[in-house]
Amino acid sequence: QGLGSLFLEEVINGLALSGITSVVIEVDPNNPVALRLYQSRFGFEYIRDCTDEYGQGHHRIHLRRQISLSNIVDEIKFDNIQPAVLNEEDLLLTN
């Protein structure tokens, strides 16, 4: 798994935790590898073609993914979580 994929997953999870319910991305139609990745691996769905979005000849495809807390809770693994142990040295006390 690449860093870009990990980054995208973390951003989507953070958005879901913030209450965002959908994400829209723009993809260059001349990049079929990215289109397949976003659709097959990340669950984005086609919305529309945007002709000349960034000027003449610069087209984009908009994709959307619905997100929710239930989507990310299933992905979080709680098996190896250990309680934190704090020592006096770990505490910072200020007046």
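For the structure, see preceding data.
These notes cover the structure that comes with them.

The rules we used
Residues numbered from 1 in each chain as written. Predicted model: local features only at pLDDT ≥ 70, side-chain atom pairs only at ≥ 80, totals over all residues. Heavy atoms only, no water. Helix = DSSP H or I, 4+ residues; strand = E, 2+ residues; numbered from the N terminus. Buried < 20%, exposed > 50% of the residue type's maximum accessible area, 1.4 Å probe, protein only. Contact = heavy atoms within 4.5 Å. Salt bridge = Lys/Arg side-chain N within 4 Å of Asp/Glu carboxyl O.

## Regarding the side chain of H62
Phase 1: Position of H62 relative to the elements: it lies in strand β3 (residues 60-66).
Phase 2: On the accessibility criterion, H62 (9% relative accessible area) is buried.
Phase 3: Not counting residues within four places of it along the chain, the set of residues in contact with H62 comprises V24, I25, E26, E45, Y46, I47, R48, C50 and E53.

## Remarks on the pattern of salt bridges
Phase 1: Within the structure shown, the criterion is met by 2 salt bridges.
Phase 2: Close ionic contact of R41 with E9 constitutes a salt bridge, the shortest N to O distance being 3.7 Å. Remark: E9 occurs in helix α1 (residues 3-17) and R41 occurs in helix α2 (residues 32-41); sequence separation between them is 32 residues.
Phase 3: A relative accessible area of 39% means that R41 is categorised as partly exposed.
Phase 4: For E9, a relative accessible area of 26% puts it in the partly exposed group.

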